[in-house]
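Residue-level structure breakdown
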Amino acid sequence: MRLLIVEDEVRLARTLATGLRGEGYAVDVVHDGREGLTAATAYPYAAVILDIMLPGMNGYVVCDHIRRSGSTVPILMLTAKNGEYDEAEALDTGADDYLSKPFSYVVLAARLRALLRRGGATRPVALRVGDLWLDPAARRCRRAGEEVRLTAKEFAVVECLARRQGEVVSKVDILDEVWDHAFSGDVNIVEVYIRALRRKLDLPFGRASIETVRGGGYRLVADA
């Protein structure tokens, strides 16, 4: 899942991004309200973490414009204020939840998971591809009823394939979905994770569900 953080406090934004990336999310960060609005309406993010006090355009206006564009992306609004009127305005402009600074990262991560469970109208709670079962919210994976432990990035890669079951997904598309836009490494890093997933999800169960399509990318199939 790719998240957008719109926060002008650089240190806070960096800390949040580091923590969320460690949990397997791809995270894009901008520090200006107008840039945040442009990013939020240009890419289908799984959720937006939006500060209220921003240069260029405040969070209330950004949130209102996102909703007016027709987007239903879950929005968690951050504010240094702690008054009931500020909270009410955040919700009235279309935010799904709010969190007052200072806050605990653990609480933010839990609120975010709750939003992703509730707010992803087009994102199923669980994904099934044959006997492979994925729960994106809980980051759990089972094959043939047996729990399989995956790293955060491994889970993100197989989730990307599972959401496009049967389709050929290129390395570039996987990078765009799973890694941050700022990633500048070798596209072949995807191969490393595909090999790891085959070792964990296919070989122990006698499956060959992650197919390589020459010149195209990879495809996850139900029965192979």
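The name an unreviewed UniProt entry assigns to the protein chain is DNA-binding response regulator, from the organism Actinorhabdospora filicis.

Some thoughts on the packing of helix α2 (residues 33–42) against helix α3 (residues 59–68)
One can describe the packing of α2 onto α3 by two numbers: an axis separation of 10 Å at closest approach and a directional angle of 20°. Judged on the interaxial angle alone, α3 and α2 are roughly parallel. α3 is crossed by α2, and the crossing has right-handed handedness. Each of Gly33, Leu37 and Ala40 in α2 lies in contact with α3, whose residues at this interface are Val62, His65 and Ile66. A class-by-class count of the residues in the contact of α2 with α3 yields four nonpolar, two polar and no charged.

Observations regarding the sheet that holds strand β1 (residues 2–6)
Taken in spatial order, the five strands of this open sheet run β2-β1-β3-β4-β5, and their pairing is parallel. With partners counted over all chains shown, the strands left at the sheet margins are β2 (26–30) and β5 (97–100), one partner each. The mean inter-strand angle of the sheet, taken between neighbouring strand axes irrespective of direction, is 20°. In this structure, strand β4 (residues 75–79) lies alongside β5, joined through four bridges in parallel fashion. Paired with Met77 across the strands is Tyr98, a residue of β5. Set on the sheet, helix α1 (residues 10–22) makes contact with β1, β2, β3 (47–51) and β4; between it and β2 the angle comes to about 170°. Strands β1 and β2 of the sheet are contacted by helix α7 (residues 171–178), whose axis makes an angle of about 45° with β1.

Thresholds applied
- Residues numbered from 1 in each chain as written.
- Predicted model: local features only at pLDDT ≥ 70, side-chain atom pairs only at ≥ 80, totals over all residues.
- Heavy atoms only, no water.
- Axes fitted to C-alpha atoms, helices over the stretch in contact; angles between N-to-C directions.
- Helix = DSSP H or I, 4+ residues; strand = E, 2+ residues; numbered from the N terminus.
- Parallel < 35°, antiparallel > 145°, perpendicular 65-115°, else oblique.
- Left-handed = near helix turned anticlockwise from the far one by under 90°.
- Contact = heavy atoms within 4.5 Å.
- Nonpolar A, V, L, I, M, F, W, Y, C, P; charged D, E, K, R; others polar.
- Pairing = 2+ DSSP bridges.

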